[in-house]
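Read off the chains here:
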Amino acid sequence: MREQVPFIDLQGICYAYPVSGEAETTASLALNEVSLQIDRGEYVVLLGHNGSGKSTLARHCNALLLPDAGRVLVNGIDTRDEGKRRYVRDSVGMIFQHPDNQIIATIVEDDVAWSLSVRGFSRQEIRERVSQALEAVGIAHLRHSPPHKLSGGQRQRLAIAGVLALRPQCIIADEATSMLDPLSRREITRLLHQLQQAYGLAVIQVTHLLEEAVLAERVVVMEQGRIVHEGQPVEIFRDLEHLRRLKLAIPEPLELAQRLRLSGFSIAPEALTLETIAREVARA
């Protein structure tokens, strides 16, 4: 059951990116009357192919973009309220596709400390928050290292630590794994789930990869600036043909489960990973 007041509340928002033509300036509608609520502590995956509107929607959740119509409330605060915008962005931290775009210091611990320093935190508080954030993301042993010597996955962990040090109530990961190898992608997704559980964070993971949505509490599928499907992973993955029509690549475990069902095996709809599928086959 949804709580009475969601932490993030998008109410019928529309947004258009201006496009300059030779004769006139037109607008491309990126979001078309989208309504969505995110509860405190909820893990939501925004799923869709490139250009579906999912990243545009995510950037409205922390006031990086403001709607042309409708409104966005974060903990009851309208993102159009310019005086409260820093609170909104501190409450809803964002991790991007390229971690290097968020890394500004030459030493790992200094990078995590930077946002705290500009907000006037004491040295003692900064030291404590930096240590806690680095421990939480698993790179405390690299605190004195230069970021350029870190692997892609480690740099993404550093970006997460920088956001986590501000103690947000929500983290948005906007295609944060798309530049990583498959193992690093799984590790970052696992880390986001761990942080959600450990700190009670809401997490919004933006992705075009279905395998990253398997363990989400709710999946929101977007197409042409609208929400076209919403539900638990087992509901979303029940119709693979529909997902293919939305130009989404079907992960091998889901393809395998479908072939096994066609071959006569009784595979529960909840079996979405190789491990759960293997257990279903062993019981058959």
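As the structure is a prediction and not an experimental result, all values here were calculated from the model.

As for helix H3 (residues 108-118)
An α-helical turn contains 3.6 residues, so any two residues separated by three or four positions project in the same direction.
And then number 1: Residues Val108, Asp111, Val112, Ala113, Ser115 and Leu116 constitute the buried set of H3.
And then number 2: Those residues of H3 hidden inside the fold are in contact with helix H4 (123-137) and helix H5 (152-164).

Comments concerning the environment of Pro18
And then number 1: Along the chain, Pro18 falls in strand S1 (residues 8-20).
And then number 2: C-alpha of Pro18 to C-alpha of Val221: the two residues are 203 residues apart in sequence and 24 Å apart in space.

Brief notes about the sheet that holds strand S6 (residues 92-95)
Hydrogen bonds between backbone groups are what pair the strands of a sheet, and the pairing can be parallel or antiparallel.
And then number 1: Reading across from one edge, S6-S7-S8-S3-S9-S10 is the order of the 6 strands in this open sheet, with mixed pairing throughout. Each end of this open sheet is capped by a strand with a single partner; those strands are S6 and strand S10 (226-231). Between one strand axis and the next, the sheet turns through 20° on average, direction left out of account.
And then number 2: Across 4 bridges, the pairing between strand S3 (residues 43-47) and strand S9 (residues 218-223) is parallel. Across the sheet, residue Leu47 finds its bridge partner in S9, namely Val221.
And then number 3: Sitting on the sheet, H5 touches S6 and strand S7 (170-174), and the angle it makes with S6 is about 165°.

Concerning the packing of H3 against H5
And then number 1: Taken N-terminus to C-terminus, the directions of H3 and H5 make an angle of 35°; their axes are 8 Å apart at the nearest point. The two elements H3 and H5 cross, and the hand of that crossing is right-handed. Side by side, H3 and H5 meet where Val108, Asp111, Val112 and Ser115 of the first sit next to Leu158, Ala161 and Gly162 of the second.
And then number 2: For the contact of H3 with H5, the class distribution of residues is 4 nonpolar, 2 polar and 1 charged.

Some points on the confidence of the model for the protein
And then number 1: Per-residue confidence for the protein gives a mean pLDDT of 91; residues scoring 70 or more make up 96%.
And then number 2: Ignoring residues within four places in sequence, the model shows residues 22-26, a span with pLDDT below 50, making 6 contacts including any to other chains.

Thoughts on the nonpolar core
And then number 1: With 51 residues, the main nonpolar core has Val112, Leu134, Ile160, Leu192, Leu210, Phe237 and Leu243 as its most contacted residues.
And then number 2: Sorting the residues of this core by element identifies S3, H3, H4, H5, S7, helix H6 (182-199), S9 and helix H8 (240-245) as the ones contributing at least two each.
And then number 3: Counting residues per element, this core draws most heavily on H5, at 6 residues.
And then number 4: Leaving out residues up to four positions away in the same chain, Leu210 has contacts with Leu47, Phe237, Leu243, Leu248, Ala249, Ile250, Pro251 and Leu254.
And then number 5: Formed by 30 residues, the second largest nonpolar core is a distinct cluster that contains Leu31, Val88, Ile172 and Ile204.

A short note on the pairing of S9
And then number 1: Burial runs high along S9: 6 of the 6 residues are buried.
And then number 2: Across the two faces of S9 the burial is the same, with Arg218, Val220 and Met222 and Val219, Val221 and Glu223 all buried.
And then number 3: Bridging between S9 and S10 involves 5 bridges; their strand directions are antiparallel. Looking at S10, one finds that Met222 is bridged to Ile227.
And then number 4: Connecting S9 to the antiparallel partner S10 that follows it, the hairpin turn spans 2 residues, and Gln224 within it adopts a positive phi of roughly 50°.

Comments concerning the packing of H3 against H4
And then number 1: Running from N to C, H3 and H4 point in directions that differ by 125°, and their axes come no closer than 9 Å. Overall, the two elements H3 and H4 adopt an arrangement that is oblique. Crossing handedness for the pair H3 and H4: right-handed. Residue-level inspection shows Val108, Glu109, Val112, Ala113, Leu116 and Ser117 of H3 in contact with H4, the latter providing Ile126, Arg129, Val130, Ala133 and Leu134.

Description of a nonpolar patch on the surface
And then number 1: Where nonpolar side chains cluster on the molecular surface, the patch consists of Ile104, Trp114 and Val118 and spans about 300 Å² of accessible area.
And then number 2: Mapping Trp114 onto the fold places it in helix H3.

Points about the packing of aromatic side chains
For any pair of aromatic rings, the description rests on two quantities: the centre-to-centre distance and the angle between the ring planes.
And then number 1: If you walk through the whole model with that rule in mind, you get 1 aromatic pair.
And then number 2: Judged by centre distance (4.9 Å) and plane angle (85°), the ring pair of Tyr15 and Tyr17 falls under edge-to-face.

Digging into the side chain of Asp174
And then number 1: Its place among the elements puts Asp174 in strand S7.
And then number 2: For Asp174, a relative accessible area of 3% translates into the label buried.
And then number 3: With residues near it in sequence (within four places) discarded, Asp174 still touches Ser55, Arg59, Met94, Ile95, Phe96, Gln97 and Val206.

A short note on the pattern of salt bridges
And then number 1: On inspection of all chains with the given rule, the structure shows 11 salt bridges.
And then number 2: Put simply, Glu42, Arg218 and Glu230 are held in one network by salt bridges that share partners.

Parameters and conventions
What you see as residue numbers is a count from 1 along each chain, following the sequence as written. The predicted origin of the model limits local features to residues at a pLDDT of at least 70 and limits the giving and counting of side-chain atom pairs to 80 or more, whereas totals for whole chains, interfaces and linings rest on all residues. Just so you know, side-chain values use all the structure's heavy atoms and leave hydrogens and water out. Classification of residues uses two cut-offs on accessible area relative to the type maximum, computed with a 1.4 Å probe and protein chains only: under 20% is buried, over 50% is exposed, and between them is partly exposed. Numbered from the N terminus, helices here are DSSP runs of H or I no shorter than four residues, and strands are runs of E no shorter than two. Note on contacts: a residue pair qualifies if any of its non-hydrogen atoms lie within 4.5 Å across the two residues. Strands are treated as partners if at least two bridges between them are detected by DSSP. Axis definition: a line fit to C-alpha positions, over the contact stretch in the case of helices; interaxial angles, taken between N-to-C directions, run 0 to 180 degrees. In this scheme, a crossing is called left-handed if the near helix is turned counterclockwise away from the far one by less than a right angle; it is called right-handed if the turn is clockwise. Under the grouping applied here, Gly and all other residues not named as nonpolar or charged are polar, the nonpolar ones being Ala, Val, Leu, Ile, Met, Phe, Trp, Tyr, Cys and Pro and the charged ones Asp, Glu, Lys and Arg. pLDDT gives the predictor's per-residue confidence on a scale running from 0 to 100. Side-chain atoms within 4.5 Å link the members of a nonpolar core, which is a set of buried Ala, Val, Leu, Ile, Met, Phe, Trp, Tyr and Cys residues. Oblique is the label for every angle not falling under 35 degrees (roughly parallel), over 145 degrees (roughly antiparallel), or within 65 to 115 degrees (roughly perpendicular). Two joining distances apply to patches: 9 Å for like charges and 5 Å for nonpolar side chains (Val, Leu, Ile, Met, Phe, Trp, Tyr), and every residue must have over 30% relative accessible area and no salt bridge. Here the open area of atoms and residues is found with the Shrake-Rupley method and a 1.4 Å probe, where only the protein chains shown may cover a residue. The salt bridge definition used is simple: a Lys or Arg side-chain nitrogen within 4 Å of an Asp or Glu carboxyl oxygen. To pair, rings of Phe, Tyr and Trp, with the six-membered ring standing in for Trp, must have centres within 6.5 Å; the planes then decide the type, stacked if under 30 degrees apart, edge-to-face if over 60, and tilted in the middle.

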